[in-house]
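# A structural walkthrough
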Amino acid sequence: MANALEHEVKLGAGDEFHLPDLTGVVEGATTVTLPERRLEAVYYDTADLRLARWGVSVRFRWEDDDEERGRWTVKLPDDDGDGGGDGALRRRESTFALPRHPVPDEVSSLVRAYVRSASLTPVAHLATRRQRLELRDATGNRLGEVADDEVSVRQDDHVAASFREIEVEVDERTPPSVLDAVVGQLREAGAGAPDPTPKVVRALGRPAAAPPEVVPVALDDDATAADLVRAALAADLTKLLTHDPRLRRSRHPDDLRKARVAMRRLRSDLRSFAPLLRPEAKELRRELGWIRRQLGTKGYLSHVATLVGSAFVDEFVAVHMTWGAVNELSTLTGYHALIDQTDHPVLRDMLAAVIKDERRHFAFYRAQARLRLQRSARARTVTRWAMENLWAPVGTGVRPQEETDFVIVTLFGDEDGAERLEDIDDTIRDLPGFEDATLLRHARLDAMKRMPPTRATGLGSDRALER
C-alpha cells in the first residue's frame, strides 16, 4: 500500500477552452508537455452511495486497455477537511497493486466503517482522455501538474454523458501561491470557477451529492432536549467514522488515540442520554466498550526508557507536574464516582464544590507538564520512566496498602469504574511521551489482584465513606 496526500483544484471547461501558456506563471516557472494518457476507471460503492455521500471513493483504474496492471485507489477526506474555502480538494489516497476481482480485503477494510454490512459493487465506469502539463520551478524541480480531462460516463456499451474538467494538482511542498497563480491564469483563459466535486459524483448526479446518513444538527435558542441529543450523537458518530479508516490506514499511535477518544465520547453520551434513548442503546454501548478495549490492546509504540542519575534531578519539574496532573485528575474522578454511589445531598454538594477546585489544580499541572515535556526529549524519557516505575495512586504510603486498594476497588471495581479510569488514561496520553500509557488501568488491576475476593464483594458507598 502506498499513501499520499492529494491537493488539487478542479475547474470546469467547455469545448472552446484552450490551455494557456503557463510559462512564467510564477517567477522562473517552466512547463513540460507530458504524454497523453487514456484511462479507464470503475468506481465501487454501496447501493445507496454511502461512500460518495461521505466524500469517499473507491476505484479500480487501468491505462491503455491493460487491466492486469490496474491499481485500486481509496480516497478519504483529509484530516483538515475537503478544503479551506479556496475550492481545493484535499484527500488522503491509498493505492494497492491488487487484482480487480474480487474487491480485495485490503481495500474494503479501509471503508468498512462506512460500508458496514452492505456490499461494494460497481456504480460508475469512466473513460478519460488526459492531456498533461508538468510545472517546474527555475531549478527544474516539479511543482505540480495541470491535466485537461475529457471524461465519458459509460453505461453498458454506450456513452451516457460526458464532461470536461481541468485539474491542477500541486505537490505537498509547493507554495500555496503557485496554485493560486495557476488557477488565476486558467480562469482568465476561460475556465470555470473552482468546483471540488469529484468526477464520480458528477457522473452519478444528485443521489451521490446527497447528505450522508449522519449530518450535523444545528442548534438554536429553541432547541429541544431531543435536538441536543441528536446533535451530540451525530457529532460523536461522525468523529468515529472519520477516524476509523485513518487508524486502519496508518496504524499510527495518534490515530489510535483519536479513535479511542471518539469511541469514549460516544459511549459517554450514550450513558448520559440513556433515559431518552431506546433500550437497545444500552447494548450498543456495551458492544462499543468491547471494541474500545480491543483497540487498547494494540501496542503500536514501544517505549524504551533509560535513566541517567543526574537527569532525574534536572528534569524534576516535568516529573512533578505530570505526577500532580495524574493525581489531581484521578482524585476528582474518584469524587465523581462517589457522587454516583451516594444519595446524601450534603455530601454530593460538598464533593461538587471540591471537584471545581480540583479541576483548576489539574488544569495547571497539565499545562505545566505539557510545556516541559514538549521542549525536552530527556524530560519525556525521565518522566515516563518515573510514572511507570515510581508513581502510585493517591493515598499509597500515607495509608495502609489494603485501605488504598479498598477505595480503588470500591469506586472503580465495576465496568463503569474501569471506563472512568480508561478516560483518565486517554487524557494522559495527550501529554508528549505518553501516547500509549495505561497507568490507571494497571493500577486498578493491581489493586483488584491484591484485594481479597471476600472484601471486594458487595462493597457500597457507605463502607467507602467509613473507610
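Residues numbered from 1 in each chain as written. Predicted model: local features only at pLDDT ≥ 70, side-chain atom pairs only at ≥ 80, totals over all residues. Heavy atoms only, no water.

Broken down by element type, the chain carries 17 helices and eight strands. Looking at the chain residue by residue over its 467 residues, the buried ones come to 44%. Carbon and sulfur atoms make up 50% of the accessible area of the chain, which amounts to about 24700 Å² in all. (Helix = DSSP H or I, 4+ residues; strand = E, 2+ residues; numbered from the N terminus. Buried < 20%, exposed > 50% of the residue type's maximum accessible area, 1.4 Å probe, protein only. Areas by Shrake-Rupley, 256 points an atom, 1.4 Å probe, with all protein chains shown as cover.)

What follows covers unusual backbone geometry. Of note, the bond from His101 into Pro102 is cis; its omega dihedral lies within 30 degrees of zero at -10°. By the secondary structure assignment, Pro102 is in the loop between β5 (88–96) and α2 (105–108). Positive phi values are uncommon outside glycine, yet Leu49 reaches one of about 60°. Within the secondary structure, Leu49 sits in the loop between β2 (30–45) and α1 (50–53). Relative accessible area serves as the criterion here: at 9%, Leu49 is assigned to the buried category. Unlike most non-glycine residues, Asp156 shows phi in positive territory, near 60°. Secondary-structure assignment places Asp156 in the loop between β7 (142–155) and β8 (158–170). Residue Asp156 is classed as exposed on the basis of its relative accessible area of 74%.

Another point: the side chain of Arg444. Looking at where Arg444 falls in the secondary structure, it is placed in helix α15 (residues 439–450). It turns out Arg444 is buried and unbridged, and the closest side chain with the opposite charge, Asp414, is 6.2 Å from it. Contact partners of Arg444, with chain neighbours within four places excluded, come to Ile408, Phe412, Gly413, Asp414, Ala418 and Leu421. (Lys, Arg positive; Asp, Glu negative; His and termini not counted. Salt bridge = Lys/Arg side-chain N within 4 Å of Asp/Glu carboxyl O. Contact = heavy atoms within 4.5 Å.)

What follows covers the nonpolar core. In terms of nonpolar packing, the biggest core is built from 34 residues, with Val326, Trp391, Phe434 and Leu440 touching the most fellow members. For this core, the elements supplying multiple residues, two or more each, are α10 (316–341), α11 (345–374), α12 (377–389), α13 (401–412), α14 (415–428) and α15. Per-element tally for this core: the top contributor is α10, with nine residues. (Core = buried A, V, L, I, M, F, W, Y, C linked by side-chain atoms within 4.5 Å.)

So, about the sheet that holds β5. One closed barrel accounts for eight strands, arranged β1-β5-β4-β3-β2-β6-β7-β8; its pairing is antiparallel. On average, each strand axis in the sheet is tilted by 35° relative to the strand beside it, whichever way the strands run. Strand direction decides the pairing type here: strand β4 (residues 66–77) and β5, joined by six bridges, are antiparallel. Bridging across to β5, Leu76 finds its partner in Arg92. Most of the contacts of helix α6 (residues 225–250) go to β4, to which it runs at about 130°, and overall it touches β1 (2–12), β4 and β5. (Pairing = 2+ DSSP bridges. Axes fitted to C-alpha atoms, helices over the stretch in contact; angles between N-to-C directions.)

Glancing now at the pairing of β7. Every regular strand shows the same layout, with side chains that alternate between the two sheet faces. Bridge count between strand β6 (residues 121–136) and β7: twelve bridges; the pairing is antiparallel. Considered in β7, the bridge of Gln131 is made with Asp148. The turn linking β6 back onto β7 is made up of five residues, and Gly140 within it adopts a positive phi angle of 90°. Strand direction decides the pairing type here: β7 and β8, joined by twelve bridges, are antiparallel. Looking at β8, one finds that Gly144 is bridged to Val170. Here β7 hands over to β8 after two residues, with Asp156 in that stretch at a positive phi of 60°.

At a minimum axis distance of 6 Å, the contact between α11 and α12 shows a crossing angle of 125°. When the interaxial angle is binned, α11 and α12 end up oblique. The segment α11 lies against α12, with Arg372, Leu373 and Gln374 engaging Ala379, Arg380 and Thr383. When its residues are assigned to classes, the contact of α11 with α12 shows two nonpolar, two polar and two charged. (Parallel < 35°, antiparallel > 145°, perpendicular 65-115°, else oblique. Nonpolar A, V, L, I, M, F, W, Y, C, P; charged D, E, K, R; others polar.)

We now examine α14. Two residues of an α-helix separated by three or four positions point the same way, owing to the 3.6 residues in each turn. Compared with the 20 Å implied by 1.5 Å per residue over 14 residues, the 20 Å span of α14 between its first and last C-alpha is a close match. In terms of residue burial, α14 counts as a mostly covered element, since ten of its 14 residues are buried. Inspection of α14 places Gly417, Glu419, Arg420, Leu421, Glu422, Ile424, Asp425, Asp426, Thr427 and Ile428 among the buried residues, and these make up the whole buried set. (Expected span 1.5 Å × (residues − 1).)

This part is about the environment of Leu373. Its place among the elements puts Leu373 in helix α11. Between the C-alpha atoms of Leu373 and Met321, which are 52 residues apart in sequence, the distance is 9.8 Å.

Attention now goes to the environment of Thr33. Looking at the element boundaries, Thr33 is found in strand β2. Apart from the residues within four sequence positions on either side, Thr33 is in contact with Arg132 and Leu133.

Checked against the element boundaries, Ala369 lands in helix α11. Residues Ala369 and Gly324, spaced 45 residues apart in sequence, show a C-alpha to C-alpha distance of 8.9 Å. Among all residues touching Ala369, those that are not within four sequence positions of it are Met321, Thr322 and Leu431.

Attention now moves to the pattern of salt bridges. Applying the stated criterion to the full structure yields 47 salt bridges. Across the pair Arg420 and Asp340 runs a salt bridge whose closest N-O atoms are separated by 2.1 Å. Taken together, the residues Arg420 in helix α14 and Asp340 in helix α10 connect sequence positions 80 residues apart. When its relative accessible area of 54% is taken as the criterion, Asp340 is described as exposed. Via salt bridges that share partners, Glu6, Glu8, Lys10, Lys75, Arg91, Glu93, Arg130, Asp149, Glu165, Glu167, Lys199 and Arg202 belong to a single interconnected network.

If you walk through the whole model with that rule in mind, you get five aromatic pairs. Pairing Tyr44 with Trp72 gives two aromatic rings, centres 5.0 Å apart and planes at 50°, and the pair type is tilted. Here Tyr44, found in strand β2, pairs with Trp72, found in strand β4; they are 28 residues apart in sequence, far enough to count as distant. In this structure, Tyr44 and Trp72 share a single accessibility class: buried. Note on Phe364 and Tyr365: the rings are 5.7 Å apart at their centroids and 70° apart in plane angle, and the pair reads as edge-to-face. Cluster of aromatic residues (ring-pair linked, three or more members): Tyr44, Phe60, Trp62 and Trp72. Between Arg384 and the ring centre of Phe434, over which it is positioned, the NZ or CZ distance is 5.6 Å. (Phe/Tyr/Trp six-rings, centres within 6.5 Å; stacked < 30°, edge-to-face > 60°. Lys NZ or Arg CZ within 6 Å of the ring centre and 35° of its normal.)

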